[in-house]
Structure formats: C-alpha cells, structure tokens
Amino acid sequence: MYLIGYDIGSSSIKAALLDAATGKCLASATGSAEELVMNVPRSGWAEQDPEMWWQEVIKATHALQKQHPFDPAKVNAIGIAYQMHGLVCVDKDGKVLRPSIIWCDSRAVQTGDDAARALGEGYTLPHLLNSPGNFTASKLRWVQQHEPELYARIHKIMLPGDFIALRLTGEATTTLSGLSEGIFWDFAEQEISAPLLQHYGIDRALLSAIVPTFGDQGKVTEQAASLLGLRAGIPVTYRAGDQPNNAFSLNVLQPGEAATTAGTSGVVYAVHDKVAYDAESRVNTFIHVNHTKEAIRNGVLMCLNGTGILNSWLRHITGGKSYPEMNELAAQAPIGADGLQIFPFGNGAERILANRQPGARIEGLEFGVHHTPHLLRAGQEGIVYALTYGVDIMRDMGLQISRVRAGKANMFLSPLFREAFANTAGVTIELYNTDGALGAARGAGVGSGFYPQLADAFVGMECLATITPEKTAQAAYGDAYTKWKDRLGKILQES
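So, here is what we can say about the structure in this document. In every chain, residue numbers begin from 1 and rise along the written sequence. In keeping with the model being predicted, local features are shown solely for residues with a pLDDT of at least 70 and side-chain atom pairs are shown and tallied solely at 80 or more, while totals for entire chains, interfaces and linings include all residues. The side-chain figures draw on all heavy atoms in the structure; neither hydrogens nor water molecules are used.

**A short note on the pattern of salt bridges**
Here is the rule: A side-chain nitrogen of Lys or Arg and a carboxyl oxygen of Asp or Glu constitute a salt bridge if their distance falls within 4 Å. Exposure is judged per residue with a 1.4 Å probe applied to protein chains only, and the accessible area is read against the type maximum: over 50% gives exposed, under 20% gives buried, and values in between give partly exposed. A run of DSSP states H or I qualifies as a helix once it reaches four residues; a run of E qualifies as a strand once it reaches two. Both are numbered from the N-terminal end.
Enumeration over the complete set of coordinates arrives at 23 salt bridges. In this structure, aspartate 278 engages arginine 282 in a salt bridge whose closest nitrogen and oxygen atoms are separated by 3.1 Å. Of the two residues examined, aspartate 278 and arginine 282, each falls in the buried class. The partner of glutamate 430 in a salt bridge is arginine 403, and the shortest N-O contact between them spans 2.7 Å. Of this pair, glutamate 430 sits in strand E21 (residues 428–432) while arginine 403 is found in strand E20 (residues 403–407), placing the two residues 27 residues apart along the sequence. Through salt bridges with shared partners, one network takes in Glu47, Arg98, Asp105, Arg107 and Glu147.

**Structural notes on the nonpolar core**
Our working definition: Working definition of a nonpolar core: buried Ala, Val, Leu, Ile, Met, Phe, Trp, Tyr and Cys residues. They are joined through side-chain atoms within 4.5 Å.
Counting 67 residues, the largest nonpolar core has Leu3, Leu140, Ile154, Ile157, Phe184 and Phe248 as the members making the most contacts within it. For this core, the element with the highest residue contribution is helix H15 (residues 436–448), accounting for six residues. Counting 58 residues, the second largest nonpolar core, distinct from the first, contains Ala262, Val283, Leu314 and Phe421.

**With respect to the packing of aromatic side chains**
Rules: Side-chain rings of Phe, Tyr and Trp (the six-membered ring for Trp) are treated as a pair once their centres are within 6.5 Å; stacked means planes under 30 degrees apart, edge-to-face means over 60, and tilted covers the remaining angles. By the criterion adopted, a ring carries a charge over it if an Arg CZ or a Lys NZ lies within 6 Å of its centre and within 35 degrees of its normal.
With the rule as written, the count across this model stands at 16 aromatic pairs. For the pair tyrosine 385 and tyrosine 481, a centre-to-centre distance of 5.8 Å together with 40 degrees between the ring planes defines the contact as tilted. Taken together, the residues tyrosine 385 in helix H13 (residues 372–396) and tyrosine 481 in helix H16 (residues 471–494) connect sequence positions 96 residues apart. Exposure remark for tyrosine 385: the relative accessible area of 3% places this residue in the buried category. Tyrosine 481 gets classed as buried once you look at its relative accessible area, which sits at 6%. Ring centres of tyrosine 481 and tryptophan 484 lie 6.4 Å apart, and the angle between their planes is 25 degrees; this geometry places the pair in the stacked category. One end of the pair is tyrosine 481 and the other is tryptophan 484, both in helix H16 and three residues apart, which spans about a single turn. Through a chain of ring-to-ring contacts, the aromatic side chains of Phe343, Phe345, Tyr385, Tyr481 and Trp484 assemble into a single cluster. Arginine 107 extends its terminal NZ or CZ atom over the ring of tryptophan 45, reaching a point 3.7 Å from the ring centre. Just above the ring of tryptophan 142 sits the side chain of arginine 107; from NZ or CZ to the centre is 4.6 Å.

**Quick look at unusual backbone geometry**
The backbone phi angle of glutamine 190 is positive, close to 55 degrees, even though this residue is not glycine. Residue classification places glutamine 190 among the partly exposed residues on the basis of a relative accessible area of 33%.

**Quick notes on H15**
Test applied: Every helix has an expected span of 1.5 Å times one less than the residues it contains. Contact between two residues is taken to exist if any of their heavy atoms lie within 4.5 Å; hydrogens are not considered. We call two N or O atoms a polar contact when they sit within 3.5 Å, provided that within protein one can donate a hydrogen and the other can accept it, with sequence-adjacent residues counted only if both atoms are side-chain atoms.
When the terminal C-alpha atoms of H15 are compared, their 18 Å separation across 13 residues agrees well with the 18 Å that a helix rising 1.5 Å per residue should span. Here H15 lies mainly inside the structure; 12 of its 13 residues are buried. Regarding H15, the residues found buried are Gly436, Ala437, Leu438, Gly439, Ala440, Ala441, Arg442, Gly443, Ala444, Gly445, Val446 and Gly447. Next to the buried residues of H15 lie strand E1 (2–8), strand E2 (13–19), strand E3 (24–30), strand E5 (75–82), strand E13 (236–241) and helix H10 (242–249). The N-cap of H15, judged by a side-chain oxygen 3.2 Å from the amide nitrogen of alanine 437 a few residues on, is aspartate 435. Following H15 by one or two positions, glycine 449 has its phi on the positive side, about 90 degrees.

**Structural notes on the sheet that holds E1**
Put simply, the rule is: Note on pairing: two strands pair once DSSP finds at least 2 bridges between them. What counts as an axis is a line fitted to C-alpha atoms, over the stretch in contact for a helix, and the angles between N-to-C directions run from 0 to 180 degrees.
Taken in spatial order, the five strands line up as E3-E2-E1-E5-E13 in an open sheet, and their pairing is mixed. The open sheet has two edge strands, E3 and E13, and neither has a second partner. In this sheet, neighbouring strand axes are inclined to one another by 15 degrees on average, regardless of whether the strands run parallel or antiparallel. Examined bridge by bridge, E1 and E5 share seven bridges and lie parallel to one another. The partner of aspartate 7 across the bridge, within E5, is alanine 81. Taken strand by strand, helix H6 (residues 160–169) contacts E1, E5 and E13, and its axis lies near 150 degrees from that of E5. Where H10 meets the sheet, it contacts E5 and E13, and its direction lies at approximately 110 degrees from that of E13.

In short, shape yes, function no, at least from these values alone.
This is the structure:
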C-alpha cells in the first residue's frame, strides 16, 4: 500500500511515494529541475501563478511513476503540505482570478497594522494571538481596496494548499490550522473572528468549508486522475502549512518539542500547550496539526524570510559554485568571518523585526582582509544569528528550546551551518531522514486510518546525526552574535 505526499513550496513542488507499511521512501521528485519563478511586480511584492503549482504537481506525480512504477490502485491516500499565508482567489467556476500574493509579499503590512489599531489591544492579541500583519486576511483586504472589480468576482479565497486540494477533489475546503495562519481565527472564542471580518468588510461566505487536518477532505476526481496518472477516488486525508507539517514530519507534537527548517525561508517552530503570544507579534502562534479542544497544541513560529534565498544569491555572485563547494570555502574562514557581517533581511518585511524592512546589508568589509570564504561564511552566520534572534524572542515567551529536530536537507546539509546554529542558539540538533513531502504522505496515512495512532506514522524514520554545542565554539559564536545583534539594534534605530 502506498501513500503520496505533495509539498507545495515557493521554490519547488515536491512529491514523495511512501511504502505505508515500512515507512520507506520509494521515490521523491520535483516537478521541474529549476527553481520556480517568483514574480516581483514592485519592491516588496511577491506573486506566483497557482496554476503553475498545479502543473508542477502533475509533473512531479509522473516523475514518481518513472522512478518507481506503482499501481495507482494501491495508493491509499494523498496528503498536502504547502507554503503558508498565500492568498488564492477563484471565481464560481474555480478559475484563478489573479496571481497568488504569497508569504513573503509585504504590500499588506500597513493594512494589518491599521486593523490592529482599529480592533484595539484588548482584542487583537488576546483573541487572534497575532497582529493581522501581512497575513492572508490583510492581503484579501488589500485586493478589496485596490482591485474592487476583481474582488467582486471572488467566489472563494483559499491558501495554496487549499487550491491544490480544489484541483484534486473539486471541493473548496480549508482547515482550522489554515484559518489560524490566515489570521481569521479567534482563539478565545474558538471560532472565525467576526470582529476581523466586520472590520475588513469581508463576507464570511468567501471562506471555504472547514475539514479536519487528518480525515476526509474529498476524493480525486476523474479529471484530476487522468492528468496525474492516478485512479479516481483516492481520498485526500491530510493538509497542513509547511511549518506545522515540517514539525509533524519530525514527530514534533508535544509541548517542549521544536522543529526547524532552512529552505527559502528559515523557521523555528515550537509546540506550546498554552495560548501565548509575543506582545510585538514578532513571532506567531497558529493551531498545530494535533490540536483539540481538550488538549491545546499551538505552534509558535519564528520566520526569517531571507535564508536559502540569500545562499542562492551568494552562489550566483560568486561564480555559480555548487552548494557543497560553497560550504567547503566558507569553512576556510574563521568564526566571525574576521568582522564581516551580513544581515539577511532582503526578502520583504521581517516579522521578527516587527515587519520592518531594513534591507539586506554587508558590513565591515575590508578589501585587504576579506575574500570569498569570508563572504560565504558571513552569509551562513548571518542567517544563524537572525534565527537565534527569533529563538531569543520565543524563549522570552516562556518556551524552553534546548533540542530541535530538522530534516537533513537545504541549509542543514552544511556542516558549518549546523555547527553555527547549535553553538549560537545553544541547542542540540537532531537530523532525520524526512522532508515535507514525506511528512504529508505520513499525515495522509493518519487521516485515512492506515496508521491508527499518530505514533504509528513514524515507522522507518531514523535520526541520521546529532550536533551538540561545544564550549569553546559557543564562546566564539556567542561573541560574534553579540556584535551582530548590537549592530542590528543600531540598524533598526536608523531605519
């Protein structure tokens, strides 16, 4: 019996084929070899075509069949993970009305800030646990204000994963976790936020029907099956945003457990059993995949927009070397990169900086001292320092973060990055043989009932490596981080 998982990212669309009984990954594929196009119509904006995601899902599914030919009749269920916070607008026929305004788009920051003030301190954080910021609800309000004719044609709005589910099943649905990530959910009242909808003038009918995170979310239609090379009727039984799903894929489900990832963006995501928020909304709280009314499971998330995208930029400007070559070069420079500092804030408004946009910066450059290894090391260290800055905020909220789990992928393939993160943040890192698409496949097995208990879904998952802090390295990284953080404080005062 097989399970299929899709991970709808902004850089790539990935699919995984899992042997449900053994938990072994039989095939893993992306739709295209090149990174997906992210359109930037104006500074601070970021859009993608949802239909591009669907075409990439089709390509990735065909690639699975080529890698490991399988009988579609033996596919038990499908799961979906997806880039969070995006806005997809469709008409009554399911046609996409405009490009998706994706997670790193900053155009609605002011819209969200105005809403927070209008709703008042007594409502915004105690009920939403987040400022509306530039999340999905605020993006929809932006469309309403700036594209009123298009807005009038909207039948349903959805998140990127909801859109893929629509293309698979023909049904417009969403989840409680999804509503919370869009900042539509009132945690205190345990319902969709009527005050927010009223303030924005959004008709509740635009929101899709709610389905469980694990469970029946519809079945693959004849049309979708013919495009994918699958059978009609396969149930879609799991859906989660990429960060809750990354945590699930790493078996991070209980209070005190934490997950991290460093792809296009960098994230630390910790599970909390309390309704908590940061007073400045620099980190965000969403409903985790295993949350119930009886047992609170919220995910506290810190996000850094400029992670893998900075490393990709450095790759291009340093001659297109492979990432392993870049890692080897970076390791030739000392901890602290001889005073060269990089601030990786060049990919939209940063939540950990209270939605400010100071821009990316390279500081302390001396032509006679610094060379390519220094630049590459400063890039990796700058990302680590920014992630640690967010972890510090989470710790101030009362979260105990001493051990984090990650998939051995993206920037965690770099030994230098792993060492720098463990020693700067003071955490033990555990690396596992999993990723978002595999997590989505395992989630589908839970939702279909193939795995009766959550714990059963992690058969076949192994810890590949453990990285622990080292006293001497901690002191060196701590000194470099302090200098970086001091300079960041001055940058923020200037911006």
